[in-house]
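Listed here are the chains, written in short residue letters.
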Amino acid sequence: MAAIDELRMTFFQECEDLLEQLAEGLRVLRAENGSPDVETLHSVFRAVHSIKGGAGAFGLKELVAFAHVFETVLDHLRSGKIVLSETLLALLLRAGDFLNDLVGCARDGVPCDAERMNLLLGDLDEVAEKVGRTAEKEAEMPEFVPVTLDLSAIPLGEGDRDDGANESALPPDDATGVSSDPTRFEIDFAPLGTMYGTGNEPAPLVRSLRRLGAVTVTADLSAVRPLETFDPTEPQLVWRLVLETEARRDEIEAVFEFVEDLARIDIRATVEPTRRTSGRSVPPSSGCGADTTASSRDAALLRPSPKSRSSVGDLSSGANPKIVGSTATTVPTPGSAATSSAVGASPSTIRVNLDRVDRLINLVGELVIMEARLSQVIAKAGLAADSDVASGLEGIKQLASEVQESVMAIRAQPLKPVFQRMHRIVREAAEATGKIVTLETVGESTEVDKTVIERLVDPLTHMIRNAVDHGIEQPDIRVAAGKPREGKITLSAAHRSGRVVIEVADDGGGIDRAKVKAAAERKGLVQPGTAMTPNEIDNLLFLPGFSSKEEVSALSGRGVGLDVVRREIQGLGGRVAIDSIPGRGTTFIITLPLTLAVLQGMLVSIRGETLVLPLSAVVETLHATNATRYSVGRRARLVANRGELLPIIDLAEVFGLSGPLCDDGRGVLIVVECDGGRRAALEVDHIEDQRQVVIKSIEENYGHVFGISAATILGNGRIALIIDPDEIISSATAGIRYPALAEAVCA
């Protein structure tokens, strides 16, 4: 039972890759504007067919049924029987979305939306019927009439072809430089009941063999039981095939790869393969004028097995040799050395449980902590920097750093899966609002920690929906403003200064700041008549309960949205800012750490306590003797810095640490920048060091502490808290009194 569960889990993991392949293919089809590439269509078809085949093995009937109709339409599309239109593309996109939902329902064991499924099946069936799907079924499966048949030595006739292959179009041997006697292979093929259960049939296999040469088919009925005792789960029918071909044995075996575990297959060569060529070798299925598109369609019905995907994959490529005079130049055959060198094979991969990776990361973190402790011990022992012990420790430090970077790279994954999800969000939001919107993605290959990726989905979903609902105008309004009817949202990602920057930009009308401020005053979030800068008005969008919508819709109006975005991003150790130009659009800028496991920090001392300030928030440091300070009222203090006045925040007061800050010149002001470009000067006693620290969650082990985002362990074994400058500055500018937290800091 455990083995079955493991196989089932593996199937759903493979489905994630196949669904990603499907979504990418459909996106490319949309970008090609009605001129689909054949290889793209093959890729989309293979993804759906592979999901169907695996689903059949696990008895997922609804998934098999939907995928079967879906792939039928895709097959008609790639064979040229139907033309890709905007209406058909929209239907394929909806079908792809629902197939994704079906996989999720099957994985989680929950029922699917039957009404939605029936509607989509009806639309897909209607498309299929237009090209005579029903007539083809009747031709392939005639009405049953009980008669006595003599099935010996029945050749496969022209009527069995449905792929449009024209045998007469194949060139003679001398045209391709091949002159050899065909080899005779005898094949016994006995399907098991499990093969039919996965949606596979003998007919496509036979058609694929015909691409390799002449085939004669006979049926051995000797073991078939009478109808009253017939067991459909144990079919006894054996197909005996005779193939006259110049193909190699491995090419024939490749046809049966996907069903090799679902049938009894015996291939015997009655004549040793011999090939004599006057030029370069030519695959037997290739030739000038050959209909390789039909060939690839039949071969693609067989999903390649994990052991060897290249052979069947090349059968479905539809590549034709380029003929120059009487010499043919061909694509190297599968498995050849030329293939291996010419094609950049993807690196081998292995699936590893994330818990094991997390444990490895924790152990590496402990290694870093131990290295810091040893450094302090050596320093206290007074050993020279060039001593053997110090040199050995320096080597360990470098190795620990390399191991840490390598382990972090294991968890790093591209943002592409998250970005691809957003295409569906845009389509659904545009449909709900009656707008025309497209999504462009840039930097999909940007890698970040897997934990960050998992927690990015909800914030990005909120922001994309907000851009469609609030940012992009209605088509007629856009036309009146001199813009194209179709709105555009750009989702981009890039690495900058050791962090990940994600931007969500739209070309809409920008933020109506007067409307935003009026809505905030109406809801009591801002005092009427308060003077505010454009940046301060923009940041009102992140306040809890804020919404500029008067009515509640499926997308907005409930006052829940961007405040959740900010909270989630801050929970990831990141920041979010807004840049908006009226009439031209709005850009939301998210800045995130590459990983949630380590942090570049500045160690500061406050009343004898050591805390860590994230280095990413630090702009510069100021010595007290060089700073020009001003007092405002009883408590407020400011410092002049580069032409602006910054508020001074005493961290000793924030955390309730006793004793006044020394005014003898030993104090340090650290200028930090937070969301929306807000700056402030944090006052500390002095700076101790700058180093990489291992992040430990404080909320999981203790609870939320104001002004603290996490904790770490120092080299001396003591715990140091990591400061959250965003929360501190936000509270200071809002006039909120800090809670007394001396106990939490000193614990």
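Not measured: the values here are computed from a predicted model. (Residues numbered from 1 in each chain as written. Predicted model: local features only at pLDDT ≥ 70, side-chain atom pairs only at ≥ 80, totals over all residues. Heavy atoms only, no water.)

### What to know about the overall build of the protein chain
Then step 1. Secondary structure summary: the protein chain contains 24 helices and 25 strands in total.
Then step 2. Every one of the 747 residues in the protein chain was classed for burial, and the buried ones make up 44%. (Helix = DSSP H or I, 4+ residues; strand = E, 2+ residues; numbered from the N terminus. Buried < 20%, exposed > 50% of the residue type's maximum accessible area, 1.4 Å probe, protein only.)

### Section: the packing of helix H17 (residues 450-471) against helix H21 (residues 562-571)
Then step 1. Where H17 contacts H21, the two axes come as close as 9 Å, and the packing angle between them is 150°. When the axis of H17 is compared with that of H21, the two are roughly antiparallel. Relative to H21, H17 is oriented so that their crossing is left-handed. Facing H17, whose interface residues are Arg455, Leu456, Pro459, His462, Met463 and Asn466, H21 presents Leu562, Val564, Val565, Glu568, Ile569 and Gly571.
Then step 2. Partitioning the contact of H17 with H21 into residue classes produces 7 nonpolar, 3 polar and 2 charged. (Axes fitted to C-alpha atoms, helices over the stretch in contact; angles between N-to-C directions. Parallel < 35°, antiparallel > 145°, perpendicular 65-115°, else oblique. Left-handed = near helix turned anticlockwise from the far one by under 90°. Contact = heavy atoms within 4.5 Å. Nonpolar A, V, L, I, M, F, W, Y, C, P; charged D, E, K, R; others polar.)

### A word on the sheet that holds strand S22 (residues 679-684)
Then step 1. Reading across from one edge, S17-S21-S22-S20-S19-S18 is the order of the 6 strands in this open sheet, with mixed pairing throughout. The outermost strands of the open sheet, each flanked by one partner alone, are strand S17 (618-623) and strand S18 (628-632). Averaged over neighbouring strand pairs, the angle between their axes works out to 35° when direction is ignored.
Then step 2. Note that S18 and strand S19 (residues 636-641) share 5 bridges and pair antiparallel. Bridge pairing in S19 links Thr628 to Ala640. (Pairing = 2+ DSSP bridges.)

### Comments concerning the pattern of salt bridges
Then step 1. Under the counting rule described, the total for this entry stands at 34 salt bridges.
Then step 2. Measuring nitrogen to oxygen at the nearest pair gives 2.6 Å for the salt bridge that ties Glu71 to Lys52. Of this pair, Glu71 sits in helix H3 (residues 61-78) while Lys52 sits in helix H2 (residues 38-57), and the two are 19 residues apart along the sequence. Residues Glu71 and Lys52 agree in their burial class; the two are buried. (Salt bridge = Lys/Arg side-chain N within 4 Å of Asp/Glu carboxyl O.)

### Regarding the sheet that holds strand S24 (residues 708-713)
In any sheet, the strands associate via hydrogen bonds between backbone groups, in a parallel or an antiparallel arrangement.
Then step 1. Spatially, S23-S15-S16-S25-S24 is the arrangement adopted by the 5 strands of the open sheet, whose pairing is mixed. In the strand order of this sheet, the two ends are held by strand S23 (686-694) and S24, each with one partner. When the angles between neighbouring strand axes are averaged without regard to direction, this sheet yields 35°.
Then step 2. Across 2 bridges, the pairing between strand S16 (residues 609-614) and strand S25 (residues 719-723) is parallel. The residue bridging Val612 from the neighbouring strand is Ile722, located in S25.

### What about the environment of Ile590?
Then step 1. Structurally, Ile590 can be placed in strand S14 (residues 585-593).
Then step 2. When its relative accessible area of 0% is taken as the criterion, Ile590 is described as buried.
Then step 3. Taking the C-alpha atoms as reference points, Ile590 and Val501, 89 residues apart in sequence, are found 5.6 Å from one another.
Then step 4. Sequence-distant contacts of Ile590, defined by excluding residues within four places in its chain, comprise Leu460, Met463, Val500, Val501, Ile502, Ile569, Arg575 and Val576.

### Structural notes on H21
Then step 1. Those residues of H21 that fall on the buried side of the exposure criterion are Leu562, Asp563, Val564, Val565, Arg566 and Ile569.
Then step 2. In this structure, the buried side of H21 is in contact with H17, helix H20 (534-539), strand S13 (575-581) and S14.
Then step 3. Note on H21: the residue one or two positions beyond its end, Gly573, has a positive phi of about 80°.

### A word on a nonpolar patch on the surface
Then step 1. Together, Leu221, Val224 and Phe230 make up a nonpolar patch on the protein surface, roughly 230 Å² of accessible area in all.
Then step 2. Relative to the helices and strands, Leu221 resides in the loop between strand S3 (213-220) and strand S4 (238-245).
Then step 3. Judged by relative accessible area, Leu221 falls into the partly exposed class, the value being 42%. (Patch = residues over 30% accessible without salt bridge, like charges linked within 9 Å, V, L, I, M, F, W, Y side chains within 5 Å. Areas by Shrake-Rupley, 256 points an atom, 1.4 Å probe, with all protein chains shown as cover.)

### Overview of the confidence of the model for the protein chain
Should the pLDDT be low somewhere, the predicted coordinates at that spot are not to be read in detail.
Then step 1. Residues with a pLDDT of 70 or more make up 75% of the protein chain, whose mean pLDDT is 75.
Then step 2. Predicted confidence for residues 735-747 stays below pLDDT 50, and this span has 27 contacts to residues more than four positions away or in other chains. (pLDDT = per-residue confidence, 0-100.)

### Here we look at the packing of aromatic side chains
Then step 1. In this structure the tally under the stated criterion is 6 aromatic pairs.
Then step 2. Judged by centre distance (5.5 Å) and plane angle (35°), the rings of Phe11 and Phe58 are tilted. A residue pair is termed long-range when its members are at least 10 positions apart, and Phe11 in helix H1 (residues 2-31) and Phe58 in the loop between H2 and H3 qualify at 47 residues.
Then step 3. Overall, the relative accessible area of 25% leaves Phe58 in the partly exposed class.
Then step 4. Clustering of aromatic rings is evident, with ring pairs tying together Phe11, Phe12 and Phe58. (Phe/Tyr/Trp six-rings, centres within 6.5 Å; stacked < 30°, edge-to-face > 60°.)

### Looking at the packing of H2 against H3
Then step 1. Contact geometry for H2 and H3: axes closest at 9 Å, N-to-C directions at 155°. In terms of axis orientation, H2 runs roughly antiparallel to H3. Remark: the crossing between H2 and H3 carries left-handed chirality. Across the interface between the two elements, Leu41, His42, Val44, Phe45, Val48, His49, Ile51, Lys52, Ala55 and Gly56 from H2 touch Leu63, Val64, Ala67, His68, Phe70, Glu71, Leu74, Asp75, Leu77 and Arg78 from H3.
Then step 2. Looking at the contact of H2 with H3, its residues break down into 12 nonpolar, 4 polar and 4 charged.

### Considering unusual backbone geometry
Then step 1. Unusually for a residue other than glycine, Arg607 sits at a positive phi of about 55°.
Then step 2. Mapped onto the secondary structure, Arg607 falls in the loop between strand S15 (598-606) and S16.
Then step 3. With a phi angle near 55°, Arg642 is a residue other than glycine that sits in the positive phi range.
Then step 4. The topology assignment puts Arg642 in the loop between S19 and strand S20 (644-650).

### Thoughts on the side chain of Thr40
Then step 1. Mapped onto the secondary structure, Thr40 falls in helix H2.
Then step 2. Given the relative accessible area of 12%, Thr40 is considered buried.
Then step 3. For Thr40, the residues in contact, after removing those within four places along its chain, are Gly25, Val28, Leu29 and Glu32.

### A few points about the environment of Ala412
Then step 1. You can see Ala412 is positioned in strand S8 (residues 412-414).
Then step 2. When the C-alpha positions of Ala412 and Asp449 are compared, they lie 4.4 Å apart, and in sequence the two are 37 residues distant.
Then step 3. Sequence-distant contacts of Ala412, defined by excluding residues within four places in its chain, comprise Glu447, Val448 and Asp449.

### A short note on helix H19 (residues 513-522)
Then step 1. Looking only at H19, the buried set comprises Arg513, Val516, Lys517, Ala519 and Ala520. End-on, the buried residues of H19 take up no more than an arc of 160°, which puts them together on one face. Every exposed residue of H19 that faces more than 90 degrees away from the buried side is listed here: Ala514 and Arg522.
Then step 2. Gly524, located one to two residues past H19, shows a positive phi value of around 80°. (Arc of directions from axis to C-beta.)

### Observations regarding the side chain of Lys517
Then step 1. With respect to the helices and strands, the residue Lys517 is situated in helix H19.
Then step 2. Comment: no salt bridge for buried Lys517; closest opposite-charge side chain is Glu521, at 4.2 Å.
Then step 3. In contact with Lys517, other than residues within four places in its own chain, are Thr530, Met532, Ile537 and Leu540. (Lys, Arg positive; Asp, Glu negative; His and termini not counted.)

### Topic: the pairing of strand S12 (residues 499-506)
Looking along a regular strand, one sees the side chains alternate between the two faces of the sheet.
Then step 1. Taken across its 8 residues, S12 has 7 buried, putting it largely inside the fold.
Then step 2. Sheet topology places strand S11 (residues 487-496) next to S12; 8 bridges connect them, and they run antiparallel. Residue pairing for S12: Ile489 is matched across the bridge by Asp506.
Then step 3. With 8 bridges joining them, S12 and S14 adopt antiparallel strand pairing.

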